[in-house]
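# Structural features, examined
These are the residues of each chain, in order.
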Amino acid sequence: MQKRSRAFYRVQAIRGMTGGKKIKGDQGKPTLFTEQVELEMKTSDNPAVGSIPEASLIKLPELFELSFESPDLDVSNSASFEVTILRNSEHGEAGAQCYARCETPASEGEKKLSEELVGEIKFEDSEKSARIVIPLTEEMKSSSPFELVLKDPSSGYCTKGAECCLIVVQDDDYPGMFAFSESKLRVRENEGEAVLTVVRKHGAHGEVSCNWRTKDGTAVAPADYHEASGKLEFADGEVSKQIRIQIVNDDAYELEEHFSVIIDGAVGCSFDPTTDGFEDKCIATITIEDDDDMSSWIDAVLPLLDIDPDRVRLNNAAYAAQFVQALSVNGGDDDDD
C-alpha cells in the first residue's frame, strides 16, 4: 500500500470538518483550507508530492484592504462631517458603500439597531485615500455615539475587521466614555509596579466614577503581583486617572506571565464599546517579563546541558494547563474575559 503524505491526511480531515463540500465564501479570498494544502504540497517529504512544479500550484489572488483612517472620530454638532478611508494599493479604481448604524427608540423603552446608506467611497487610479462627506442627521445626533460601517467593497478588496468607525458628536453636556489609554502593557519584574491610565474620552462633563480590580491569569496573586481593587472618581472636566499595581520581584526563573485589570460599574458615564469589554467594561492585560540577566543566563546554560529551552517552556505550559483543567469545575472561569 502506497504511503500517504501528511498533505493527504490533512486534506481529508479538513474535508470531513466541512461535510465533504467545497468551502463556501468569496471565491477570491484565501482560506485556511487552500493555504494549508499549498503549504503541505511545498513542504511534504513525499517524493510524489514534492515533484509537483511550484508553478503548477494554485495561486490565490491577494486581497487589498479598505479601512477608516481612524477607528473613532469626534465631530462638531453641524450639518455634516468628513471621514477619510484608506487602501493599501494605488492601482486601479476601487470603492465601497458607507452605512450609518444607529440605535433608535422602539416600543416600551427598548432600542433597535438601524442601518442607513449615507454615501459611497470612490478611489481613482493612483489614489490611496478618499474622503467622503456624511450628512449629520438628527437621528445620528440623538443616538451619538454611532458607527459608520464599510460594506460591499470592490472586487479584490476586503475590510479585514477595520470596517467600523465610532462617531461621537461633541456635546458640552456629554460625560464621556471610559477606556484604557493602553489595553496591553508589558513590565519587567524588577520595575516593581505596573501603571495603567484610565482616560475619559469624547467628553468630560460632570462627576463620574468606575470601579477597578485585578484578575489572575497565568500570573497569580500574591506570588507574582499584589491583588488590588478600588474606585476611580473623576471631577467635572477631569479626563485621566492612574492605577498602580505592585509587581513581585523574585529570584525564580519564570516564563512570561500575564494578569488582567478590569474597570466596570460606571456611574454617570459609559465604556468605550470598541474595547475588549464592549459596553459593560474595559479590560487591560499586563504581561510580566522575567529579569533579563536571569533569563539570559538560563537560556545560555540549557543548550550546554543538551536541553531545548523551547521544549522546556512548552512542556511547562502544558503541564500547568492540565492542572488548571483538572481543578476547574464546569469550566471554572467566569466570563470577565
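Sequence order sets the numbering: in each chain, residues are counted from 1 along the sequence as written. Reporting of local features is limited, given that this is a predicted model, to residues whose pLDDT is at least 70; pairs of side-chain atoms are given and counted only at 80 or more, and all residues count toward the totals for whole chains, interfaces and linings. Excluded from the side-chain calculations are hydrogens and water; all other atoms, namely the structure's heavy atoms, are used.

### A few points about the pattern of salt bridges
Salt bridge, as used here: a side-chain nitrogen of Lys or Arg that lies within 4 Å of a carboxyl oxygen of Asp or Glu. Scanning the model with the defined rule gives 13 salt bridges in all. Of the charged contacts in the structure, one is a salt bridge between Glu-256 and Arg-186, with a shortest N-O distance of 2.4 Å. Here Glu-256 is found in the loop between strand 15 (240-246) and strand 16 (257-267), whereas its partner Arg-186 is found in strand 11 (residues 184-188), with 70 residues between them in sequence. The salt bridge partner of Arg-186 is Glu-289, with a shortest N-O separation of 2.7 Å. Linking Arg-186 in strand 11 with Glu-289 in strand 18 (residues 282-289), this pair joins segments that are 103 residues apart in sequence. Partly exposed describes any residue whose relative accessible area lies between the buried limit of under 20% and the exposed limit of over 50%, with all areas from a 1.4 Å probe on protein chains only and scaled to the type maximum. On the basis of relative accessible area, Arg-186 is assigned to the partly exposed category, the value being 46%. Looking at Glu-289, the relative accessible area reads 21%, which means it is partly exposed. Linked through salt bridges whose partners overlap, the residues forming this network are Arg-101, Glu-115, Glu-147 and Lys-151. Each helix is a run of DSSP H or I of at least 4 residues and each strand a run of E of at least 2, with the numbering of both proceeding from the N terminus.

### Some remarks on the sheet that holds strand 15
One bridge is not enough; two strands pair if DSSP finds at least two bridges between them. Pairing is mixed in the open sheet, where four strands are placed in the order 15-12-10-17. In this open sheet, the two edge strands, each paired with only one partner strand, are strand 15 and strand 17 (270-271).

### Some points on the nonpolar core
Ranked by size, the top nonpolar core spans 28 residues in total, and within it Phe-178, Phe-180, Ile-243, Phe-259, Val-261, Ile-263 and Ile-286 carry the most contacts. Of all the elements in the fold, those that place two or more residues in this core are strand 10 (177-180), strand 11, strand 12 (193-201), strand 13 (208-215), strand 14 (229-234), strand 15, strand 16 and strand 18. Residues contacting Ile-263, with those up to four places away along its chain left out, are Phe-178, Phe-180, Val-198, Cys-210, Asn-211, Trp-212, Ile-243, Phe-271, Lys-281 and Cys-282. Only buried residues count toward a nonpolar core, which is a set of Ala, Val, Leu, Ile, Met, Phe, Trp, Tyr and Cys residues joined through side-chain atoms within 4.5 Å. We call two residues in contact when some of their heavy atoms are within 4.5 Å.

### Thoughts on the side chain of Asp-264
Counting through the fold element by element, Asp-264 comes out in strand 16. Judged by its relative accessible area of 19%, Asp-264 is buried. Within the structure, Asp-264 has its side chain in polar contact with the side chain of Arg-213 (distance 3.4 Å). With residues near it in sequence (within four places) discarded, Asp-264 still touches Cys-210, Asn-211, Arg-213, Phe-271, Asp-280 and Lys-281. Here a polar contact is recorded for every N or O atom pair within 3.5 Å, except that within protein the pair must consist of a potential hydrogen donor and a potential acceptor, and residues adjacent in sequence are included only if both atoms are side-chain atoms.

### Digging into the confidence of the model for the chain
pLDDT expresses how confident the predictor is about each individual residue, on a scale running from 0 to 100. With 65% of its residues at a pLDDT of 70 or more, the chain shows a mean pLDDT of 76. Taken as a whole, residues 21-41 scores under 50 in pLDDT and shows 26 contacts with residues more than four places along the chain or in a different chain.

### Overview of the sheet that holds strand 2 (residues 72-75)
One open sheet holds the five strands; their spatial order is 2-9-7-4-5, and the pairing between them is mixed. The sheet is open, and its two borders are formed by strand 2 and strand 5 (111-123), each paired with just one other strand. Ignoring which end each strand starts from, the neighbouring axes of this sheet average 25° apart. Of the pairings in the sheet, the one linking strand 4 (residues 94-105) to strand 7 (residues 146-151) comprises five bridges and is antiparallel in character. Within strand 7, the residue paired with Arg-101 across the bridge is Glu-147. An axis is simply a line fitted to the C-alpha atoms; with a helix, the fit covers only the stretch in contact. Between two such axes, the angle follows the N-to-C directions and lies from 0 to 180 degrees.

### Some details on the state of the cysteines
Any two cysteine sulfur atoms lying within 2.5 Å of each other are counted as a disulfide. Inspection of every chain in the model, using the stated rule, returns zero disulfides. Of all cysteine sulfurs, the one in Cys-165 lies closest to Cys-98, which takes part in no disulfide; the gap is 8.5 Å. Among the residues examined, Cys-98 registers a relative accessible area of 0% and is labelled buried.

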